[in-house]
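Here are the chains, one letter per residue:
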Amino acid sequence: MKLSQNDFGLRPQDPFKVLQAQKLSASQLEVLNRLFTPLIGTTAIGVYHYLSQFAEVKQQKDYTHYVIMSELKLNLGQFREEMNRLEAIGLIKTYAKHDENQSQFVYLLVDPPSPKTFFNDPMLSVYLYKEVEGKRFHELRRYFETTQVDLSNYHEVTRNFTDVFKVPNHALDKVDTTHQISETQKYDGMNLDRVHFDFELLYQLLSNHFVSAEIIEEKTKHLITQLAVLYGITPEGMKNLILKSLTSAQKISFEELRKQARAFYAIEHENQLPSLEAQAEPVRPETVEEAQIEINSIPQTDEEFKQWFKLMDNLSPIDMLTGWSGSEPTPQQKYMIEDIIVREQLPF
């Protein structure tokens with residue numbers, strides 16, 4: 001969602017701090033510069049590098065956003081736009097504290113993922129492939145590949161600690177823990193917590209084919225959510241893909257599920273891959289409760305009619321039905337909606 005500086009209460013005089021556990025390694029810099037730059041652009045990557053210098057300042061000094069505006073030659077709207085990209089891709093986390101006089105911000109820089117994690121992430125890898133095309137994508141992948149040595153005919157002869165060093169026989173003095181060493185902030189990928197995928201409906205659809213919901217573990221749910229967002233797959237469509245991805249042991253093959261999802265999208269979109277596009281300013285309400293009020297209200301003026309039609313165009317069928325009835329739709333109603341969407345090829 002596109003946010004302006006006003007949504008954050010961001011003003012030039014507002015102070016900020018930057019947190020980063022340690023400097024990036026050469027490998028992490030390569031991932032950031034080679035793999036993330038095509039996704040979010042050089043300006044956003046430049047903002048990340050620029051902010052890292054403030055994490056190295058030992059004294060607890062507050063800088064204001066005047067410094068950012070002056071040195072980056074960006075206004076606050078432009079700075080916030082680049083921060084949106086960094087936050088959405090998972091490289092920065094922003095914390096804010098508001099009071100009557102000012103807002104204080106803390107920017108936590110997240111370490112980029114390893115090359116293996118990046119290329120194994122279905123969203124990051126597909127978006128990168130779309131941005132740079134096949135030849136360049138495989139060139140980038142080869143750059144991060146390492147030569148594997150077959151150790152199957154070798155025996156490990158590594159010495160352990162007690163082979164080399166004496167074991168201390170006295171207690172250590174009390175360690176001063178007032179100055180703690182920061183832990184590295186692990187890259188968790190794109191935050192999809194606000195994405196709603198109807199797993200209850202998916203479980204019901206699978207049960208109709210005698211497939212237990214127990215096969216969908218936490219990692220599987222995360223992958224399903226990623227694929228649903230990436231390729232716009234409904235629970236009905238996901239059910240079909242899962243059935244095609246089951247192994248002989250009745251387990252879901254992640255590789256096959258990703259392959260089936262790509263094939264599904266390619267058929268529907270003439271072999272095109274999804275691209276990473278900024279979301280337009282939303283016009284739909286943020287909550288179902290707000291939607292219920294607007295849906296049930298009768299437009300009176302031309303402007304209200306325009307807003308009402310915009311609401312209808314941007315509200316999902318599930319939320320619309322919830323707004324009309326004031327309660328959660330039944331599984332049968334959800335199944336009917338999914339069936340109509342799939343059959344008539346309607347946007348979800």
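In this report, the structure presented in the accompanying data block is examined. What you see as residue numbers is a count from 1 along each chain, following the sequence as written. In keeping with the predicted nature of the model, local features appear solely for residues at pLDDT of at least 70, side-chain atom pairs appear and are counted solely at 80 or more, and the whole-chain, interface and lining totals rest on all residues. Remark: hydrogens and water are excluded; side-chain values derive from all non-hydrogen atoms of the structure.

Concerning the nonpolar core
Soluble, globular proteins show a tendency: their nonpolar side chains are buried together.
Moving on, step 1. Among buried residues, those of type Ala, Val, Leu, Ile, Met, Phe, Trp, Tyr and Cys that are joined through side-chain atoms within 4.5 Å constitute a nonpolar core. Think of it in three bands: residues with accessible area under 20% of the maximum for their type are buried, residues over 50% are exposed, and the middle band is partly exposed, with areas taken using a 1.4 Å probe on protein chains only. Counting 67 residues, the largest nonpolar core has F36, L51, I216, M238 and I242 as its most contacted members.
Moving on, step 2. By residue number, the principal contributor to this core is helix 7 (residues 122–144), which donates nine residues.
Moving on, step 3. Whether two residues are in contact is decided by their heavy atoms, any of which lying within 4.5 Å being enough. Residues contacting M238, with those up to four places away along its chain left out, are F197, L202, I224, L227, A228, I233 and L257. Numbering of helices and strands starts at the N terminus; helices are DSSP runs of H or I of at least 4 residues and strands are runs of E of at least 2.

Considerations on the sheet that holds strand 1 (residues 15–19)
Moving on, step 1. Read from one edge to the other, the open sheet built from four strands follows the order 2-1-4-3, with strand pairing classed as mixed. The two strands at the open ends of the sheet, each matched to only one other strand, are strand 2 (63–64) and strand 3 (92–98).
Moving on, step 2. Strands pair, by our definition, only if DSSP identifies at least two bridges between them. Strand direction decides the pairing type here: strand 3 and strand 4 (residues 103–109), joined by seven bridges, are antiparallel. Paired with H98 across the strands is S103, a residue of strand 4.
Moving on, step 3. Note on geometry: axes are lines fitted to C-alpha atoms, helical ones only across the stretch in contact, with angles between N-to-C directions running from 0 to 180 degrees. Contacts from helix 5 (residues 76–89) reach strand 3 and strand 4, with the element oriented near 125° to strand 3.

Quick word on the packing of helix 7 against helix 10 (residues 218–231)
Moving on, step 1. Here helix 7 crosses helix 10 at 25°, and the two axes come no closer than 9 Å. By the angle between their axes, helix 7 is roughly parallel relative to helix 10. Together, P122, M123, V126 and Y127 of helix 7 and L223, Q226, L227, V229, L230 and Y231 of helix 10 make up the contact between the two elements. Each angle gets one of four labels, with under 35 degrees taken as roughly parallel, over 145 as roughly antiparallel, 65 to 115 as roughly perpendicular, and the rest as oblique.

What about helix 12 (residues 254–268)?
Because an α-helix packs 3.6 residues into every turn, residues spaced three or four apart end up facing the same way.
Moving on, step 1. In a helix, the anticipated span is given by 1.5 Å times the number of residues less one. Between its terminal C-alpha atoms helix 12 stretches 21 Å, which fits the 21 Å expected from 15 residues at 1.5 Å a residue.
Moving on, step 2. What helix 12 keeps buried is the set L257, R258, Q260, A261, Y265 and A266.
Moving on, step 3. Of the surrounding elements, those touching the buried residues of helix 12 are helix 6 (115–120), helix 7, helix 10 and helix 11 (235–244).
Moving on, step 4. Following helix 12 by one or two positions, E270 has its phi on the positive side, about 50°.

Focus: the environment of Y95
Moving on, step 1. Relative to the assigned elements, Y95 resides in strand 3.
Moving on, step 2. For the pair formed by Y95 and Y107, sequence separation is twelve residues and the distance between their alpha carbons is 6.5 Å.
Moving on, step 3. When neighbours within four sequence positions are excluded, Y95 is seen to be in contact with Q104, F105, V106 and L108.

Points about helix 10
Moving on, step 1. For helix 10, with 14 residues, the first-to-last C-alpha span of 20 Å sits near the 20 Å given by 1.5 Å per residue.
Moving on, step 2. By the burial criterion, the buried members of helix 10 are T220, L223, I224, T225, Q226, L227, A228, L230 and Y231.
Moving on, step 3. Against helix 7, helix 9 (199–207), helix 11 and helix 12 lie the buried residues of helix 10.
Moving on, step 4. Backbone geometry just after helix 10 places G232 at a positive phi near 65°.

Remarks on the packing of aromatic side chains
Moving on, step 1. Pairing of aromatic rings covers Phe, Tyr and the six-membered ring of Trp, with a centre-to-centre limit of 6.5 Å; geometry is then stacked below 30 degrees between planes, edge-to-face above 60, and tilted otherwise. Taken as a whole and assessed by the stated rule, the structure comprises 17 aromatic pairs.
Moving on, step 2. Geometrically, the ring pair formed by F16 and F54 is edge-to-face, given 5.2 Å between the ring centres and 80° between the ring planes. Taken as a pair, F16 in strand 1 and F54 in the loop between helix 3 (42–52) and strand 2 lie far apart in primary sequence, 38 residues in all.
Moving on, step 3. Between the aromatic rings of Y50 and F54, the centroid separation amounts to 5.3 Å while the plane-to-plane angle is 75°, which identifies the pairing as edge-to-face.
Moving on, step 4. An aromatic cluster is built from F36, F118, F119, Y129, F137, Y143, F144 and Y187, whose rings are joined through pairwise contacts.
Moving on, step 5. Across the ring face of Y143, the terminal group of R34 is positioned such that the distance to the ring centre comes to 3.7 Å.
Moving on, step 6. Should the NZ of a Lys or the CZ of an Arg lie within 6 Å of a ring centre and within 35 degrees of the ring normal, that charge is described as sitting over the ring. Above the plane of the ring of F199 lies K221, whose end atom (NZ or CZ) is 4.9 Å from the centre.

None of this, on its own, says anything about what the molecule does.
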